[in-house]
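# Understanding the architecture of this molecule
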Amino acid sequence: MTEQNHLTIDVVSDVVCPWCFLGMKRLENALASLPDIKAEVHWRPFQLDPTIPPEGKERKAYMLAKFSDENRLKQVHANLVSLGAVEGIAFDFDAITVAPNTLDAHRLIRWAAASGAGVQDKLARSLFSLYFEQGKNIGDRAVLVEAARAAGMDAAVVESLLATDADRDDVTNEIVTASRMGITGVPCFLLDGKYAVMGAQDAATLADAIRQVATEKAAGAPTLN
């Protein structure tokens with residue numbers, strides 16, 4: 001496989017963003033439709049609400065405060081349930097009781113990148129599922145340790161690191177950098193570090209963008225800004 005057929009995709013996301021879960025599934029489908037293109041996916045941090053305390057907030061009250069209208073919130077959830085079903089996601093918003101702070105989850109995702117091929121992808125997928133399909137509190141360090149273990153990481157090392165401030169500043173700085181780049185919402189897919197696709201676009205749109213960047217790279221042309 002030529003270098004031109006190898007792309008890096010940085011996915012800027014938050015694990016409590018339902019659109020990011022949809023985006024992950026759609027990216028998987030897009031890449032499956034492009035067997036000639038090898039993509040190396042990296043998960044990058046973003047926090048929809050960094051002001052949530054470490055212990056989290058009661059989710060129903062938190063969401064109602066954000067949306068102001070319970071009927072509107074129900075409509076949003078119903079729409080996401082329908083969209084999720086198409087992608088094989090079983091959203092269960094009623095099962096979620098805690099709106100967590102996701103900084104520790106992002107630290108864990110960062111460590112997963114150094115834990116072997118495919119581990120970061122597996123962990124990200126697991127965290128989305130734990131939160132949106134099982135209602136688990138992914139701000140709870142015990143939940144994170146078990147997710148790490150299931151993804152193939154060293155759970156004892158993860159547990160000891162979570163008890164410290166390891167990589168806290170690095171993750172925060174990455175989030176700040178994303179904001180300075182103009183990323184105000186997620187998911188955002190950065191293709192080869194030069195071309196951004198914003199939002200949970202459908203698989204066909206993502207595939208077209210990936211194919212275009214790969215084609216231009218193969219031709220030696222600069223990718224789109």
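Provided above is the structure to which this section pertains.
One structure accompanies this document, and this report is about it. (Residues numbered from 1 in each chain as written. Predicted model: local features only at pLDDT ≥ 70, side-chain atom pairs only at ≥ 80, totals over all residues. Heavy atoms only, no water.)

Here we take up the environment of Lys217. Positionally, Lys217 belongs in helix H9 (residues 203-218). Judged by its relative accessible area of 24%, Lys217 falls in the partly exposed class. Between the C-alpha atom of Lys217 and that of His6, which follows or precedes it by 211 residues, the distance is 9.3 Å. In this structure the side chain of Lys217 is engaged in a polar contact, spanning 2.8 Å, whose partner is the backbone oxygen of His6. (Helix = DSSP H or I, 4+ residues; strand = E, 2+ residues; numbered from the N terminus. Buried < 20%, exposed > 50% of the residue type's maximum accessible area, 1.4 Å probe, protein only. Polar contact = N/O pair within 3.5 Å; in protein donor to acceptor, adjacent residues only side chain to side chain.)

Moving on: the packing of aromatic side chains. Scanning the entire structure with this criterion turns up 8 aromatic pairs. Both rings, one in Phe21 and one in Phe128, keep their centres 5.2 Å apart while their planes meet at 5°; by these two values the pair is stacked. One end of the pair, Phe21, is in helix H1 (residues 18-32); the other, Phe128, is in helix H5 (residues 119-132), with 107 residues separating them in the sequence. Taking the relative accessible area as the measure of exposure, Phe21 reaches 1% and is therefore buried. Between Tyr131 and Phe132, the aromatic rings sit 4.8 Å apart at their centres with planes inclined by 75°, giving edge-to-face as the arrangement. Taken together through their ring pairs, the aromatic side chains of Phe21, Trp43, Phe91, Phe93, Phe128, Tyr131 and Phe132 make up a single cluster. (Phe/Tyr/Trp six-rings, centres within 6.5 Å; stacked < 30°, edge-to-face > 60°.)

Quick look at the nonpolar core now. By size, the foremost hydrophobic cluster in this structure holds 64 residues, and its most contacted members are Leu123, Leu127, Ile138, Met153 and Leu191. Sorting elements by how many residues they give to this core places H5 first, with 8 residues. Non-local contacts of Ile138, meaning those with residues more than four positions away in its chain, are made with Val15, Val16, Pro100, Ala105, Leu127, Leu130, Tyr131, Val143 and Leu144. If you look at the next biggest cluster of nonpolar residues, it comprises 6 residues, including Ile52, Met63, Phe67 and Leu73. (Core = buried A, V, L, I, M, F, W, Y, C linked by side-chain atoms within 4.5 Å. Contact = heavy atoms within 4.5 Å.)

Here we take up the side chain of Arg107. Following the sequence through the fold, Arg107 ends up in helix H4 (residues 103-112). Side-chain polar atoms of Arg107 contact the backbone oxygen of Thr164, separated by 2.9 Å. Other than its neighbours up to four places away in sequence, Arg107 contacts Arg141, Leu161, Leu162, Thr164, Asp165, Ala166, Asp167, Arg168 and Val171.

Interhelical geometry of H4 versus helix H8 (residues 168-180) gives an angle of 100° and a closest axis separation of 10 Å. Considered as vectors, H4 and H8 are oriented roughly perpendicular to each other. Each of Leu103, Asp104, His106, Arg107 and Arg110 in H4 lies in contact with H8, whose residues at this interface are Arg168, Asp170, Val171, Thr172 and Glu174. Partitioned by chemical class, the residues of the contact of H4 with H8 number 2 nonpolar, 2 polar and 6 charged. (Axes fitted to C-alpha atoms, helices over the stretch in contact; angles between N-to-C directions. Parallel < 35°, antiparallel > 145°, perpendicular 65-115°, else oblique. Nonpolar A, V, L, I, M, F, W, Y, C, P; charged D, E, K, R; others polar.)

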